[in-house]
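An overview of the molecular structure
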Amino acid sequence: MVLNMKKIISHAQLIVFSFLAPAVVLLIELLPILVFPIKKDLFTSVFFILQYLGMWIICFAIHKYAYRIIYLDDKTVTDGKIEISWECIQKYEIKEIKLFQYSIIPTIYLKPMVFLVGNNGEKIGFSMTQKNIKQLIYFVNKNPVINELIKKTVNTSSSPKERHFN
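In this numbering scheme, every chain counts its residues from 1 along its sequence in written order. Two thresholds apply to this predicted model, a pLDDT of at least 70 for residue-level local features and 80 or more for giving and counting side-chain atom pairs, whereas whole-chain, interface and lining totals are computed over all residues. Working from all heavy atoms in the structure, the side-chain values ignore hydrogens and water.

Residues enter a nonpolar core if they are buried and are Ala, Val, Leu, Ile, Met, Phe, Trp, Tyr or Cys, with the set joined through side-chain atoms within 4.5 Å. Residue burial is assigned from relative accessible area. The probe radius is 1.4 Å, only protein chains are included, and a residue is buried under 20% of its type maximum, exposed over 50%, and partly exposed in between. Formed by 19 residues in total, the largest nonpolar core has its most connected members in Leu72, Val77, Trp86, Ile89, Leu116 and Leu136. Contributing elements (two or more residues each) for this core: β2 (69–72), β6 (108–117), β7 (123–127) and α4 (144–157). Helical segments are the DSSP runs of H or I of at least four residues, strand segments are the runs of E of at least two, and each set is numbered from the N terminus. The element contributing the most residues to this core is α4, with four residues. Grouped together as the second largest cluster of nonpolar side chains are ten residues, Leu14, Ile15, Phe17 and Ala66 included.

See below:
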């Protein structure tokens, strides 16, 4: 029986971005149609709905790892497809998430992702929000890599220059 199960969303900020970015583009395109007396017909409405869905599918495909739910229990970390036992976690990798890095729009920095890497190279990632780190604290003594990760995030967030770990 699993006594201590925690559930976290992989990256909630990217999920919100995946819905908002196409909506903003759609609104910008709809403004001239709403403001100026342009013929509004069924084809136009269907076109914009299909365009929104197409942009959302592209955002989903790019950020599909953000939609996973990570389960932490006494024995394993799993995302439904990949399962890593606490003893098999060899290292962690932190990846910074930047949106619009190579565009005229200012770069947006989201919470970084931490990937727990197992013996066979399998990875499970989630955002480094305070809520997710608090969930991870319940399993602090399961692996020295987790202890190191938590120590690093606590030391970073207590410094005056709090980066992305809040």
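From this point, the discussion proceeds with the structure in view.
Mapping Lys151 onto the fold places it in helix α4. Note: C-alpha distance between Lys151 and Ile137 (14 residues apart in sequence) is 9.9 Å.

As a further point, take the pairing of β2. Alternating positions in β2 separate cleanly, Ile70 and Leu72 being buried on one face and Ile69 and Tyr71 remaining unburied on the opposite face. DSSP calls a pair of strands paired once it identifies at least 2 bridges connecting them. Two strands pair when backbone bridges link them, and strand β1 (residues 6–9) and β2 are joined in this way by four bridges, in the antiparallel orientation. Note that in β2 the partner of Lys7 across the bridge is Tyr71. Where β2 lies against strand β3 (residues 76–78), two bridges are found, and the strand directions are antiparallel. Among the inter-strand pairings, Leu72 is bridged to a residue of β3, identified as Val77.

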